[in-house]
Each structure stands twice: as C-alpha cells, then as structure tokens.
Amino acid sequence: MKTIRIKYFSEEIERLTYIEGKSDWIDLRAAKEVRMKKGEYALIPLGVAMELPEGYEAHVIPRSSTYKNFGILQTNSCGLIDESYCGDHDQWFFPALAMRDTVIHVNDRICQFRIMEHQPKICFEETGTLTGEDRGGFGSTGRQ
C-alpha cells in the first residue's frame, strides 16, 4: 500500500476517505463557497495538496452528479496532476464553467480522483494489418 502525504488548506472540508468495496475513486470537495452566473469561469479550490509517489499521477474528473447538482462543467475535461506538483502551496483546483446560475457551498462534493501509475515506455510498430476482430469501426457495436 502506498502512503500519500496530504496537506489540507481548510478545516471546513471533510477529510479524504477511501470507501472500501464501493469505488476506487475518492471524492474531492469545494473548499470555499463559489457563486457563478451562467457563462462564468472559476477555479474552485479543493482544499488539498499532495505529495504523490514518484511515477504516479492523479486523474481528476467530475462526479456523475456534478452537472445535475451544480450545472458546471470541468473545462479541462480531465485534470492531470503529476508528482511534480507537490509543493506547500500547490493546492488542487477544479476549473469550472457554469452552464446556469449556481452556488457551490463549502464541503460540496464536486469531483473525484484516483491515483494511477505513469504509462510505461512503449514503442509503436507500424503495420498494414491488425490481427484483432474487426468490429466495423464505430462505437462499441460497429453500427451507425
């Protein structure tokens, strides 16, 4: 088991917990109240900084209910935080675009993250044909 050092920037947010057996994603919370008008952009502080182990990165994405509950989109689609972002002032943020007027309160769960190992070094070998089953080239069924 890896140990990750974490610094909290707010005493108002719940501490991170891993819910065994439910998911390997961990919820992140807004560390301050943010009021946004439709069309506005904001960096919402998440109240944490971490020292990720060498060779690891965090993937930060919205929760499935984030848009329904708050009407915000994550502007970078998926946030990527590598182990070099580990200083005392390297607080994590959620870049949000409001699609409607909204208020995000302190401690609201707005996104989630998981820790992943860096992709291993790979090389590409060019070929004229592939050996896998041909599914038609569109989506999961190959049908349009």
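Here is a short report on the structure shown in this document.

The next point concerns the overall build of the protein. Scanning the protein for helices and strands turns up one helix and eleven strands. Secondary structure elements of the protein occur, N-terminal to C-terminal, as β-β-β-β-β-β-α-β-β-β-β-β. Oriented by its inertia axes, the alpha-carbon framework of the protein measures out at about 55 × 40 × 30 Å. Residues counted as buried form 33% of the 144 residues belonging to the protein. Within the protein, residue pairs in contact and separated by at least 24 positions form 75% of the contacts whose partners lie at least 6 positions apart. Side chains of the protein carry 18 positive and 22 negative charges; the gap between the two charge centres is 8 Å.

Attention now moves to the environment of Leu73. Within the secondary structure, Leu73 sits in strand β7 (residues 72-74). Apart from the residues lying within four places of it in its own chain, the contact partners of Leu73 are Tyr67, Phe94, Pro95, Ala96, Leu97 and Met99.

Of the pockets and cavities examined, the largest pocket occupies roughly 500 Å³. Every element with two or more residues in the lining of the largest pocket is listed here: β1 (5-8) and β11 (109-117). At three residues, the largest contribution of residues to the lining of the largest pocket is made by β11. A breakdown of the residues in the lining of the largest pocket according to their chemical character gives eleven nonpolar, one polar and three charged. By volume, the second largest pocket amounts to about 330 Å³. Along the wall of the second largest pocket there are 15 residues; nearest its centre are Ile19, Trp25, Asp27, Arg63 and Arg109. Every element with two or more residues in the lining of the second largest pocket is listed here: β2 (26-29) and β11.

As judged from the four bridges shared by β2 and β11, these two strands associate in the antiparallel manner. The residue bridging Arg29 from the neighbouring strand is Arg109, located in β11. Summarising the sheet, strand β6 (residues 56-62) and β11 pair through seven bridges and their orientation is antiparallel. For Val60, the partnering residue across the bridge sits in β11 and is Phe113.

Further remarks concern the environment of Lys32. Tracing the sequence through the fold places Lys32 in the loop between β2 and β3 (34-36). Residues Lys32 and Leu46 lie 14 residues apart in sequence; the distance between their C-alpha atoms is 8.1 Å. Beyond its immediate sequence surroundings of up to four residues, Lys32 is in contact with Pro45, Ile104, His105 and Val106.

For the structure shown, the criterion picks out eight salt bridges. The shortest N-O distance in the salt bridge between Glu51 and Arg5 comes to 3.2 Å. Taken together, the positions of Glu51 in strand β5 (residues 48-51) and Arg5 in strand β1 put the pair 46 residues apart, joining distant regions of the chain. You can call Arg5 exposed: its relative accessible area is 59%. For the salt bridge of Arg63 with Asp27, the shortest nitrogen-to-oxygen distance reads 3.1 Å. One end of the pair, Arg63, is in the loop between β6 and α1 (66-70); the other, Asp27, is in strand β2, with 36 residues separating them in the sequence. Arg63 gets classed as buried once you look at its relative accessible area, which sits at 18%.

Conventions used here
Residues numbered from 1 in each chain as written. Predicted model: local features only at pLDDT ≥ 70, side-chain atom pairs only at ≥ 80, totals over all residues. Heavy atoms only, no water. Helix = DSSP H or I, 4+ residues; strand = E, 2+ residues; numbered from the N terminus. Buried < 20%, exposed > 50% of the residue type's maximum accessible area, 1.4 Å probe, protein only. Contact = heavy atoms within 4.5 Å. Lys, Arg positive; Asp, Glu negative; His and termini not counted. Charge placed at Lys NZ, Arg CZ, Asp CG, Glu CD. 1 Å grid on protein atoms, 1.4 Å probe; cavity = no way out; pocket = protein on both sides within 12 Å on 5 of 7 lines; lining within 4 Å. Points joined across faces, edges and corners; volume = space filled by probe spheres on them. Nonpolar A, V, L, I, M, F, W, Y, C, P; charged D, E, K, R; others polar. Pairing = 2+ DSSP bridges. Salt bridge = Lys/Arg side-chain N within 4 Å of Asp/Glu carboxyl O.

Note that all results are geometric; they support no functional claim without further evidence.
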